[in-house]
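# Architecture at a glance
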Amino acid sequence: MKSKEDINQSDKKMDRPNVASNAPTVADTQEMTEQQKLQHQLQIFQNSLPKVSQTAYMMLLNECVPLSMAVERKRGDCNSKLDRNCDDEVSQAGEQLQKIHVSPPLDPPSHQLCRELYEADEEKHNRVLDRLRNIGFEIGNKITELLVFSNNPNLQFKDMDLLSVMKFICRDVWRQMFNKQIDNLKTNHRGTFYLFDYDYQPIQSFALDSESSEKELQMVKPFLEIAVGVIKGVLASIGHAPEDVICLASYVDRPDEKPKASFTKGVSFHVQITM
Amino acid sequence: MAIYSFWIFDKHCNCIFDREWTLISNSASGTINSKQTEETAKLLYGMIYSLRSVTQKLSRDDTANDVRSISIGKYRIHTYCTASGLWFVLLSDYKQASYAHVLQYIHSHIYVKYVTHNILSPYDFAANENETRGQGFRKIGNRNFISSLEAFLAPMIAQ
């Protein structure tokens, strides 16, 4: 990572490329208005999309983690039942009774499931994380479709090199999903990227009862996996097969100049693409 | 104006948070979850509960007739009850008639933000049937909640 280069500045400039890139000469005026018209159309399209409460959406997104754990528990239950190889009439009758139960018992509350996930053995833990990544992968695939379909004039798909794909993720995908952009993007121009989000929205209000600790960080970590899946999903839909992409989430310290957020750490997504 | 203590009760009659600034040890910092406050919490809950049921019976029509504050010899008790069964209770001196806006702010901007939206924290502090009806012992220990509540209430603590 020696030739890491900070392209944050250019990323900011990309915010309004039609203004920044084209020097407004007299000949360009016509094109400018054309661009502006496209921008305007995009604005209209985005306003026409159904709106959903940010809070409700974040809650639902976060509930995916305890949900995945609940699925894992149910799966475990089924397996152990099969293992027991129950031939006797009584247990079969009991099982049938359970099947016709109108409302199955509720899953434990979310905070308990999160704790169970933290305490689960590695194999189980990984299965849950895979499930979460798959959810994110699906979302990522569809979100590309949505953003590309929206006829976005900021996107040039003719010469989509890796860098502009990553910028697309940092800017458009992140804004669509988390209502903010990635704070910083670093690359070595050889297929390795670091995406820094210093206040990753879904986890901001999370905290355990005690002081901030390693345990808290580990418990919150599964909540990053959906975003990992989203990144892989977007890359897959643009033509980088998931087996060529490595994406890992980890914690980073927040830079000093950033205002203090309630969660202690920022998040770094490490993306490695083999070509 | 000065406030003396702050309490939160949940729908199972449990005290899930308490903070007193009048204890002799260190009046500036206050204490959390001290044993001696347990009895006070029960008495406080009992008083507000019975007064609430009386006032609701005294109401002539169906409109809400809730207790907002109770004045007794030494201090005034301000209550704010949410529809979800949470009670926010603040003990203060007589100088200010209503702390309704303060309690409302604590609920909407501090409690909801740091307890309800925190997926690692339970939203119902009674983990099982045995901990309902005032038998619960779990309290809010969340550092974000405590620090922002302290920051918010600090200017009102007795000089």
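Residues numbered from 1 in each chain as written. Chains lettered and ligands numbered in written order. Predicted model: local features only at pLDDT ≥ 70, side-chain atom pairs only at ≥ 80, totals over all residues. Heavy atoms only, no water.

Going by an unreviewed UniProt entry, chain B carries the name Trafficking protein particle complex subunit and comes from Zygosaccharomyces rouxii. Note on chain B: under the UniProt heading Subunit (unreviewed entry), the record states "Part of the multisubunit transport protein particle (TRAPP) complex." Recorded in UniProt for chain B, the comment headed Sequence similarities (unreviewed entry) runs: "Belongs to the TRAPP small subunits family. BET5 subfamily." (UniProt positions renumbered as here; feature names shortened; annotations may be inferred.)

In the nomenclature of an unreviewed UniProt entry, chain A corresponds to ZYRO0B16192p from the organism Zygosaccharomyces rouxii. If you open the UniProt record of chain A and go to Sequence similarities (unreviewed entry), you find "Belongs to the TRAPP small subunits family. BET3 subfamily."

Here we take up the environment of B:Trp87. Residues and elements named next belong to chain B. Tracing the backbone through its elements, the reader meets tryptophan 87 in strand E6 (residues 87-92). Classification of tryptophan 87 by relative accessible area gives buried; the value is 6%. In sequence terms tryptophan 87 and isoleucine 8 are 79 residues apart; their C-alpha atoms lie 5.5 Å from each other. Apart from residues no more than four positions distant in its own chain, tryptophan 87 is found in contact with Trp7, Ile8, Phe9, Tyr45, Ile48, Tyr49, Arg52, Tyr80 and Cys81. (Helix = DSSP H or I, 4+ residues; strand = E, 2+ residues; numbered from the N terminus. Buried < 20%, exposed > 50% of the residue type's maximum accessible area, 1.4 Å probe, protein only. Contact = heavy atoms within 4.5 Å.)

The subject of this paragraph is the packing of helix H2 (residues 100-116) of chain B against helix H3 (residues 143-153) of chain B. Any two packed helices are characterised by how steeply their axes cross, that is the angle between the axes, and by the distance between the axes. Residue and element names in this part refer to chain B. One can describe the packing of H2 onto H3 by two numbers: an axis separation of 9 Å at closest approach and a directional angle of 155°. One finds that H2 runs roughly antiparallel with respect to H3. Along this stretch, H2 crosses H3, giving a crossing that reads as right-handed. Residues Val102, Tyr105, Ile106, Ile110, Tyr111, Tyr114 and Val115 of H2 lie in contact with H3, whose contacting residues are Asn144, Phe145, Ser148, Leu149, Phe152 and Leu153. For the contact of H2 with H3, the per-class residue count stands at 11 nonpolar, two polar and no charged. (Axes fitted to C-alpha atoms, helices over the stretch in contact; angles between N-to-C directions. Parallel < 35°, antiparallel > 145°, perpendicular 65-115°, else oblique. Left-handed = near helix turned anticlockwise from the far one by under 90°. Nonpolar A, V, L, I, M, F, W, Y, C, P; charged D, E, K, R; others polar.)

Let us look at the pairing of strand E1 (residues 3-9) of chain B. Look at any regular strand and the pattern is simple: side chains alternate between the two faces of the sheet. Residues and elements named next belong to chain B. Extensive coverage of E1 is indicated by the burial of six of its seven residues. Relative to E6, E1 runs antiparallel, the two sharing six bridges. Across the sheet, isoleucine 3 pairs through a bridge with serine 92, a residue of E6. Sheet analysis places E1 next to strand E2 (residues 15-20), joined by five bridges and oriented antiparallel. Opposite isoleucine 8, over in E2, you have phenylalanine 17 as the bridge partner. Counting the residues in the hairpin turn of E1 and E2 gives five residues, including cysteine 13, whose phi is positive at 65°. (Pairing = 2+ DSSP bridges.)

This part is about the pattern of salt bridges. Residues and elements named next belong to chain A. Applying the stated criterion across every chain, the model contains 19 salt bridges over all chains. Here glutamate 72 ties to arginine 75 by a salt bridge, and the two come within 3.9 Å at their closest N and O atoms. Taken together, the positions of glutamate 72 and arginine 75, both in helix H4 (residues 54-84) and three residues apart, correspond to about one turn of that helix. Overall, the relative accessible area of 1% leaves glutamate 72 in the buried class. Here aspartate 197 makes a salt bridge to lysine 180, at a shortest N to O gap of 2.5 Å. Of the two residues, aspartate 197 sits in strand E3 (residues 192-197) while lysine 180 sits in the loop between helix H8 (162-178) and strand E2 (184-187), which places them 17 residues apart along the sequence. Overall, aspartate 197 belongs to the buried group, its relative accessible area being 0%. Taken together, the shared-partner salt bridges connect Glu72, Arg75, Glu123, Arg127 and Arg131 into one network. (Salt bridge = Lys/Arg side-chain N within 4 Å of Asp/Glu carboxyl O.)

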